[in-house]
Amino acid sequence: MLPVEQSCYWLASRQGYNPSAPLTEKVDADYAVVGGGFTGLWTALFLKQLEPGAHVVVVESSVAGYGASGRNAGIVSNSIDHSHALAISHFGKPEAERLAKIGMQNISEMEEFAVDCDFERSGQLQVALKPGHLEDCKHNLEVANEIGLAGYRMLSREEMQAEVNSPLYLGGLFVPGGGILNPIKLVDRIVGEMKRLGVVIYENTRVNRIGDGVLHCQKGDIRAKKIVMATDAYTHHLLPQLLWRFIPLYDYILVTDPLTAEQKEQIRWHHRQGMVDGRTFFNYYRLTADNRILWGTSEAVYYPPNKVDATCDHSEHHYRTLKESFAKHFPYLNGMQFPFGWGGPIASTTRLTPFFGTMNGGRVIYGLGYTGHGIGTTRLAGKIMAHLALSKDSELLSLKMVTDKPFPYPPEPIRGMSVAAVTRSLQKVDAGESPNILLRILDKMGIGFSS
Ligand SMILES: Cc1cc2nc3c(=O)[nH]c(=O)nc-3n(C[C@H](O)[C@H](O)[C@H](O)COP(=O)(O)OP(=O)(O)OC[C@H]3O[C@@H](n4cnc5c(N)ncnc54)[C@H](O)[C@@H]3O)c2cc1C
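Residues numbered from 1 in each chain as written. Predicted model: local features only at pLDDT ≥ 70, side-chain atom pairs only at ≥ 80, totals over all residues.

> Tell me about the overall build of the protein, residues and numbers included.
Within the protein one finds 14 helices and 18 strands. Its C-alpha radius of gyration of 21 Å places the protein within 12% of the 22 Å reference for a compact globule of 451 residues. The buried share of the protein, taken over its 451 residues, is 50%. By sequence separation, contacts in the protein at least 24 residues apart represent 76% of the contacts at least 6 residues apart. (Helix = DSSP H or I, 4+ residues; strand = E, 2+ residues; numbered from the N terminus. Rg over C-alpha atoms; globule rule 2.2 N^0.38 Å. Buried ≥ 20, exposed ≤ 12 C-beta atoms within 10 Å, placed from the backbone. Contact = placed C-beta atoms within 7 Å.)

> Talk me through the site of the ligand; I want residue IDs and the actual numbers.
The environment of the ligand is made up of 42 residues, and the closest members are Gly35, Gly37, Gly67, Gly344 and Gly374. A class-by-class count of the residues in the shell around the ligand yields 17 nonpolar, 20 polar and five charged. Two domains share the shell around the ligand, each providing at least three of its residues, namely domain 1 (4-71 + 183-246 + 351-403) and domain 2 (120-178 + 248-346). (Near = placed C-beta within 6 Å. Nonpolar A, V, L, I, M, F, W, Y, C, P; charged D, E, K, R; others polar. Domains from an automatic or database assignment.)

> How would you sum up unusual backbone geometry? Please name residues and give values.
The amide bond that connects proline 304 to the next residue, proline 305, takes the cis arrangement and shows omega of -10°. Tracing the backbone shows proline 305 in the loop between strand E15 (293-301) and helix H10 (316-329). Even without glycine at this site, asparagine 204 takes up a positive phi of about 50°. Although it is not a glycine, aspartate 232 adopts a positive phi angle of roughly 35°. If you trace the backbone, aspartate 232 turns up in the loop between strand E11 (221-229) and strand E12 (247-255).

> Now, about the domain arrangement of the protein: what can you tell me, with residues and values included?
One can read the domain layout of the protein as domain 1 (4-71 + 183-246 + 351-403), domain 2 (120-178 + 248-346) and domain 3 (414-445). Contact with domain 2, which involves six residues of that partner, is made by six residues of domain 3. Split by residue class, the side of domain 2 that touches domain 3 holds four nonpolar, one polar and one charged.

> Quick rundown of the nonpolar core? Include the residues and the values.
Counting 124 residues, the largest nonpolar core has Ala32, Val34, Leu41, Val59 and Val228 as its most contacted members. Per-element tally for this core: the top contributor is helix H11 (residues 374-390), with eight residues. When residues are assigned to domains, this core turns out to be shared by domain 1 (4-71 + 183-246 + 351-403) and domain 2 (120-178 + 248-346), each giving three or more. (Core = buried A, V, L, I, M, F, W, Y, C linked by C-beta atoms within 7 Å.)

> Tell me about the pairing of E11, and name the residues and values.
Judged from the eight bridges that link them, strand E1 (residues 26-34) and E11 form a sheet pairing that is parallel. If you follow tyrosine 31 over to E11, its bridge partner there is lysine 226. Where strand E10 (residues 214-217) lies against E11, three bridges are found, and the strand directions are antiparallel. The residue of E11 that forms the bridge with valine 214 is arginine 223. Linkage of E10 to E11, two consecutive antiparallel strands, is achieved through a turn of three residues. Inspection of the sheet shows E11 paired to strand E18 (residues 364-368) by three bridges, in the parallel sense. Across the sheet, the residue bridging to methionine 229 is tyrosine 366, located in E18. (Pairing = 2+ DSSP bridges.)

> Give a description of helix H14 (residues 437-445) that names residues and reports values.
In an α-helix, one full turn covers 3.6 residues, which means residues spaced three or four apart are oriented alike. Among the nine residues in H14, zero count as buried, and that is only a small part of the element. Two residues or fewer past H14, glycine 446 is found with a positive phi of approximately 75°.

> Which residues make up the sheet that holds E15, and what are the values?
With respect to topology, eight strands assemble into an open sheet ordered E5-E6-E4-E13-E14-E15-E12-E16, the strand pairing being mixed. Sheet topology places strand E5 (153-155) and strand E16 (340-348) at the edges, where each strand pairs with a single neighbour. This sheet shows a mean twist of 25° between the axes of neighbouring strands, independent of strand direction. As paired strands, strand E13 (residues 274-277) and strand E14 (residues 283-287) are joined by two bridges and run antiparallel to one another. (Axes fitted to C-alpha atoms, helices over the stretch in contact; angles between N-to-C directions.)

> Outline the packing of helix H4 (residues 84-91) against helix H6 (residues 131-146), supporting the account with residue identities and numerical values.
Packing of H4 against H6 leaves a shortest axis separation of 9 Å and a crossing angle of 60°. On H6, the residues touching His84, Ala85 and Ile88 of H4 are His139, Asn140, Val143 and Ala144. Grouping the constituent residues of the contact of H4 with H6 by class yields four nonpolar, three polar and no charged.

> I'd love a proper account of the pairing of strand E6 (residues 171-175), names of residues and values included.
Note on strand geometry: in a regular strand, side chains alternate between the two faces of the sheet. Summarising burial for E6: five of the five residues are buried, a large majority. Pairing analysis gives five bridges linking strand E4 (residues 124-128) to E6, with the strands arranged antiparallel. Within E6, the residue paired with alanine 128 across the bridge is glycine 171. With three bridges connecting them, E5 and E6 associate as antiparallel partners. When the bridges of E6 are listed, arginine 153 appears paired with phenylalanine 174.

> How would you sum up helix H5 (residues 93-113)? Please name residues and give values.
Here H5 spans 30 Å end to end across 21 residues, near enough to the 30 Å set by a 1.5 Å rise per residue. Among the residues of H5, those classed as buried are Ala96, Leu99, Ala100, Gly103, Ile107 and Met110. When H5 is viewed along its axis, its buried side chains cluster within an angular range of 105° and face the same direction. With respect to the buried face of H5, the exposed residues turned more than 90 degrees away are Pro94, Gln105, Ser108 and Glu112. Looking at the packing, one finds that the buried side of H5 touches strand E3 (75-76), H4 and H11. (Expected span 1.5 Å × (residues − 1). Arc of directions from axis to C-beta.)

> Quick one: what's the story with the environment of cysteine 8, residue by residue and with numbers?
Turning to its location among the elements, cysteine 8 is positioned in the loop between helix H1 (4-7) and helix H2 (9-12). Along the primary structure cysteine 8 and alanine 54 are separated by 46 residues, whereas in three dimensions their C-alpha atoms are 35 Å apart. When sequence neighbours within four positions are dropped, the list of residues in contact with cysteine 8 reads Gly70, Arg71, Phe340 and Trp342.

Following this line, the structure appears as structure tokens:
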């Protein structure tokens with residue numbers, strides 16, 4: 001299997017990126033950010049914008065975008081709360097309305113910033129593969145109306161098939177506001193802007209240990225007034241005490257060869273929406289700028305005990321099931337090749353939204369747990385953590401997502417066993433069975449498991 005730098009379509013097709021030099025000495029900084037993904041890069045950018053005179057550094061163990069930020073599907077959803085219905089059940093309706101508004105404004109600001117990132121505000125289609133999914137679509141439409149979001153629209157079977165040609169579609173829901181982008185171009189855009197403002201990034205520099213206000217790296221140390229942890233699914237490697245609030249999981253994706261003109265004609269997809277289906281373990285998919293199909297699965301895997309490393313970057317099992325589901329969706333694309341395949345780590349929480357906090361007397365700030373919905377939310381996380389680090393007020397700091405912590409996960413070995421049991425139960429629901437007692441109890445407790 002190829003290393004992820006070659007097997008991930010975005011990383012492999014990255015153009016003209018020159019990583020910055022690693023850290024080789026002792027340096028002082030005002031703010032040191034660990035992690036060069038969206039969260040860390042946005043945080044550094046906002047820190048520098050809010051306090052231009054500050055010395056801000058970012059430390060990345062590989063190259064910027066090596067983690068989930070360079071490996072995701074690039075489907076930008078219009079929400080920062082996983083789903084508006086979940087936001088109501090976890091935080092109440094007024095907070096869900098607030099999150100919906102903030103989420104939409106965030107995407108518009110991101111679009112303005114994301115020049116040359118192939119950002120298309122094409123919206124999203126939630127497709128129904130079973131009659132029950134149509135009910136879910138209707139529910140999502142009602143929830144959107146309830147919290148003041150306009151433009152959602154149910155699509156009949158004919159309308160859905162006219163958008164994208166699959167014999168499996170029974171109809172669905174058009175969700176406006178979001179779209180698709182090239183995630184690695186967004187990473188490079190933030191890095192470029194951040195450096196232009198004077199932020200220093202040390203790439204190929206792993207933080208081995210956090211001391212009292214010091215990041216101990218391979219060949220140098222950084223002493224900083226404040227440290228921001230932006231390491232999402234990798235966070236427990238440095239802060240194991242946060243592990244009970246999140247679980248690291250792996251998601252997998254395939255990308256086809258570019259569609260021929262004839263295949264494009266067959267599949268239609270003229271409006272280029274990001275697509276998801278109504279199952280718990282759903283497929284998510286989209287067209288790339290050069291008209292390949294990116295085909296992913298949310299059947300996320302937990303590798304006990306909380307493993308996050310390069311040995312998880314590929315899964316033959318997932319590639320096989322992804323190819324099978326692709327063939328069922330688009331039988332007329334029989335024989336299509338998938339030259340790219342990869343996985344990436346996400347951090348999930350029991351409420352499926354991120355959490356934030358500080359430790360070491362406020363000197364260390366952290367934020368993580370975006371599940372598979374982080375493109376929009378990480379930008380807000382960057383704002384939140386920049387304000388926390390600067391001890392500056394912001395309306396974002398009163399979000400319940402920031403003030404409240406998610407219900408904890410159990411430690412190992414119960415963690416591994418319970419994830420396996422929940423996964424099996426959810427697979428049965430997707431196969432048509434009713435939710436079993438375990439799922440009903442978790443539902444009552446407001447505990448989720450999904451990417
Ligand atoms: C396969 C996949 C598909 C996805 N699809 C979507 C999607 O379509 N839409 C969406 O909104 N979201 C999606 N996501 C989720 C989204 O990509 C993430 O939520 C988001 O990128 C998280 O960003 P981050 O910066 O917090 O974490 P990351 O991008 O993972 O960045 C963390 C960084 O920290 C670095 N690091 C770790 N440890 C250290 C250390 N000790 N020292 C220095 N650096 C360190 C890592 O190398 C990494 O670069 C997907 C994720 C995956 C994996």
